[in-house]
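Below, each chain spelled out in residue letters.
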Amino acid sequence: MTARATRAGQLALQAAGAGLVAALGFRLAGLPLLEAPGWELGMAAALLGVAVGAPAGVLRARRELLGGSPSALRAFAGAAGFAALLQLVLVGGAALRTALLTPCSPTFGLAFVPVVALPSALAAAALGVLAALLARGRLLPTLLLCAAGLALSLAATLTEGYFGPAAWLLDPFLGIWPGPIYDEALSLDRRLLLFRLGTLAWTGAMLGMATALAARRRSPPGSARTGLALSATGLLAVAALRLLGASTGDLATRASLDRALGGRLTGARCDLHFPREKPAREAERLFRACEADVAEVSAALGVAVSPRVNVWVHRSEEEKRRLVGASRTEFTKPWLAEIQLLDAPGGPPALRHEIVHAVGGSVAGGPLGVPARHGVLVDAGLVEGLAVALEVPRGEWTVHEWARAMKDLSLLPPAARLVEPGGFYAAPGARAYTASGSFLAWLLATRGPGPVMRAYAGAPFIDAFGVPLDRLEIDWHAFLASVPVPPELAVAAEARFRPAGLLGRRCARETAGLEARAVDASREGRPERAAGYWRRAARLSGDPSDLLGLGDALRNWDAAAADSAYAEALAAAGSGWPSLRATLLESRGDLAWGKGDAPLAGARYREALSLHPDRARARRLTAKLAGSASPDLAASAPYFLGMGNAEATLEALAASPDPLGPYLAGRYAAMRGDAAAAIPLLERALSGQLPSLPFRVEALATLAEARCRTGDVEGARRDWARLERETDREADRERARHAARRCGG
Ligand SMILES: [Zn+2]
């Protein structure tokens, strides 16, 4: 064969390879989350970059060694160029599919791709070249060195992730693993840029080493000085970037978390880190709740000596994402008994849930402190199920009531899938958490903590319970069948469980990104801009709740435009989405009331009420309906519509002859933390005729809590007992019993 024919053959081969990669990109874009270029595609391209870059580096460096005057830079440039070109082809193929076959934008998340993908290809090419030069081109030692380099890097990354406080894993070769997947909107932030600069510095350091070696391999051998200097500079840059990251808080250390938060209370069971501006009384309450939760959870699980749990409570989503890499997703590292939470009025609602993970760590043992096959394949259904099972119900329904309603919708995942590694994440989060929570709560109640803890410590179900999983599942279903489902629950379950989650959304990352930008724009007081983002999100997702966002963004700026956005959303929702429709109708009612059209407002509120909204919304709608109709409650308009001076309004309401007046004023006082003012108002409200049972329940719960806060433990327990007798909801009873036990304890 002639040289030209060989060259042509090589070119044809390369073209065929590139075509294959483009086709692969096209195929990849057919998967959820990969449908538009973004972080996920960047990760796929990063892995391709490593798979191609390292062998290409090895081949080019070996060719250089054969020539007698080897150049590491030449070998690197060829290999890196080739790997980057293939990455480009992959991304091109994917973007083509995005543009041709989806409504998503091929450019929205494109900036992620080079940052996530390219440095991996460069680092891999440098590693390949360095390995070949170190091993003098001998193939087997070269490949072993390459593998060792990748393994060393991975080990360092995992070590840092394991012992550090953050949720992310950042590896020079394997790229950026941003932590919890439930954080929908990803951002290209300073941490990622710093990390990727670090990868480039590592690449420089490896290239410097390779250059020094190449010089020594020349005949006659040249000076290694330039290469060593380059290598030292690279290493210094790596160190400087890490120090910078630690000082800005972009690379989490426990010291940087505490610097940012500032507050700390340490006890026997809890080490609580919280925002320094948190009022001392609130911090003390949260600390006592934490200590009590650890004690209760330990007792429920039969853990004699519980670990001291470290809890960091962050002040905002942005700060939490910046410091530990997860904004809305709360997480625990059970093996460290460390919890990261977002603060909320009245304390972080997920505290007890995460404490179960932390305390469960000492039951499960193993490297991760969770039940896992082979130490790493986590049985997420057991882990999350146990935590949900030990929560105190937060809303109107118990976990069993939710699970039963899910069963009626034919959405309840089978237990066998839930308690198997991998199966848990195959179902949307809301379904998986609730179903495993109900199953575990039922197991705890009917079989006791013993077998549950044996399963948690790693025993197969059949050994832990003495009966096969199928049998347990049949019994669980029989139990669920006995749980009643009122119509309000069916509506709430439809809204909660029907959505398919992140994986089921069209252009999921783009839509989530647009929604996040819309929220930011509203916060910055730019309604027009926010409206633009909501419109784009709605067009992409086809989801009427994005039109609700649009209406909300416009509400205080252009009431007529807001009303037509709500109307559009109602039309889009058709006869589905009852919970969303109730929200939309309430908003339209508010707009009508604000314009002075009380009859129209009343009609909207009544229509919303007919859709069986959840209890809190039903109460609010009923109160608004009364407020818009009754002269005794006329003063409530500015309170409900969020206008005017709340203090003056509530003073007028407190004096109203209608018991709803003192009810509203009392709840407001309690919410503000003024328990002493709330008590007489709520007593007066309860002595009259409130519109319905849910109002009495809410008034009693608020009154009991206020009494407890003022130190009247007896009075508080009396009100909780009254609530327990009067309410028609099991969740209220559980909550009241728990609160009564806690109060004064
Ligand atoms: Zn959890």
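Residues numbered from 1 in each chain as written. Predicted model: local features only at pLDDT ≥ 70, side-chain atom pairs only at ≥ 80, totals over all residues.

A.B. asks: How would you summarise the nonpolar core if you had to cite specific residues and measurements?
C.D. replies: Counting residues in hydrophobic clusters, the biggest one holds 222 residues, and the most contacted among them are Ala83, Ala125, Ala126, Val129 and Ala210. Of the residues forming this core, the biggest block, 17 residues, is contributed by helix H4 (residues 112–134). Each residue touching alanine 210, except ones within four places of it in the same chain, is listed here: Ala72, Ala126, Val129, Leu130 and Leu133. (Core = buried A, V, L, I, M, F, W, Y, C linked by C-beta atoms within 7 Å. Buried ≥ 20, exposed ≤ 12 C-beta atoms within 10 Å, placed from the backbone. Helix = DSSP H or I, 4+ residues; strand = E, 2+ residues; numbered from the N terminus. Contact = placed C-beta atoms within 7 Å.)

A.B. asks: Describe the domain arrangement of the chain, naming the residues involved and giving the relevant values.
C.D. replies: Considered domain by domain, the chain is made up of domain 1 (14–247), domain 2 (253–370), domain 3 (375–490) and domain 4 (650–745). A C-alpha centroid distance of 36 Å is found between domain 1 and domain 2. If you look at the interface, domain 1 gives 10 residues, while domain 2 gives 12 residues. Taken together, the residues that form the side of domain 1 that touches domain 2 break down as eight nonpolar, one polar and one charged. (Domains from an automatic or database assignment. Nonpolar A, V, L, I, M, F, W, Y, C, P; charged D, E, K, R; others polar.)

A.B. asks: Tell me about the pairing of strand E3 (residues 262–266), residues and numbers included.
C.D. replies: Where E3 lies against strand E4 (residues 270–275), five bridges are found, and the strand directions are antiparallel. Bridge pairing links glycine 263 to phenylalanine 274 in E4. Between E3 and E4, which pair antiparallel in sequence order, lie three residues. (Pairing = 2+ DSSP bridges.)

A.B. asks: So, the pairing of strand E7 (residues 338–342): which residues are in play, and what are the values?
C.D. replies: With five of five residues buried, E7 lies mostly within the body of the structure. Both faces of E7 are covered, namely the face carrying Glu338, Gln340 and Leu342 and the face carrying Ile339 and Leu341. Pairing geometry for strand E5 (residues 309–314) and E7, over five bridges, is parallel. Looking across to E7, one finds that asparagine 310 is bridged to glutamate 338. Adjacent in sequence and paired antiparallel, strand E6 (residues 331–333) and E7 are bridged by four residues, among which alanine 337 carries a positive phi angle near 55 degrees.

A.B. asks: Can you explain the sheet that holds E3? Please cite residues and give values.
C.D. replies: Strand pairs in the sheet, formed through backbone hydrogen bonds, run parallel or antiparallel to each other. Pairing is mixed across the open sheet formed by five strands, whose spatial order is E3-E4-E5-E7-E6. Where the open sheet ends on each side, the last strands, each with one partner, are E3 and E6. Sheet twist, expressed as the average angle between the axes of neighbouring strands with direction ignored, equals 15 degrees. The sheet strands contacting helix H8 (residues 254–261) are E3, E4 and E5, and the helix crosses E4 at an angle near 50 degrees. Running at roughly 150 degrees to E4, helix H9 (residues 280–301) makes contact with E3, E4 and E5 of the sheet. (Axes fitted to C-alpha atoms, helices over the stretch in contact; angles between N-to-C directions.)

A.B. asks: Describe the environment of glycine 602, listing the residues and the values that go with them.
C.D. replies: With respect to the element layout, glycine 602 can be found in helix H26 (residues 598–609). Taking C-alpha positions, glycine 602 is 10 Å from arginine 588, a pair spaced 14 residues apart along the chain. Setting aside its immediate chain neighbours within four residues, glycine 602 contacts Leu625, Ser628 and Ala629.

A.B. asks: Residues and numbers for helix H33 (residues 713–726), please.
C.D. replies: The end-to-end C-alpha distance of H33, which contains 14 residues, comes to 20 Å, matching closely the 20 Å that a straight helix rising 1.5 Å per residue would cover. Ala716, Asp719, Trp720 and Leu723 are the residues of H33 that are buried. The arc that holds every buried residue of H33, seen down its axis, measures 100 degrees, which confines them to one face. Among the exposed residues of H33, those pointing more than 90 degrees away from its buried face are Glu714 and Arg725. The secondary structure elements touched by the buried residues of H33 are helix H32 (693–709) and helix H34 (730–742). (Expected span 1.5 Å × (residues − 1). Arc of directions from axis to C-beta.)

A.B. asks: Summarise unusual backbone geometry; cite the residues concerned and give the values.
C.D. replies: Omega for the peptide link from serine 219 to proline 220 comes to -5 degrees, which places this bond in the cis form. With respect to the helices and strands, proline 220 occurs in the loop between helix H6 (190–217) and helix H7 (225–248). Phi is positive for serine 410, close to 60 degrees, though the residue is something other than glycine. The class of serine 410 is exposed, set by 6 C-beta atoms lying within 10 Å.

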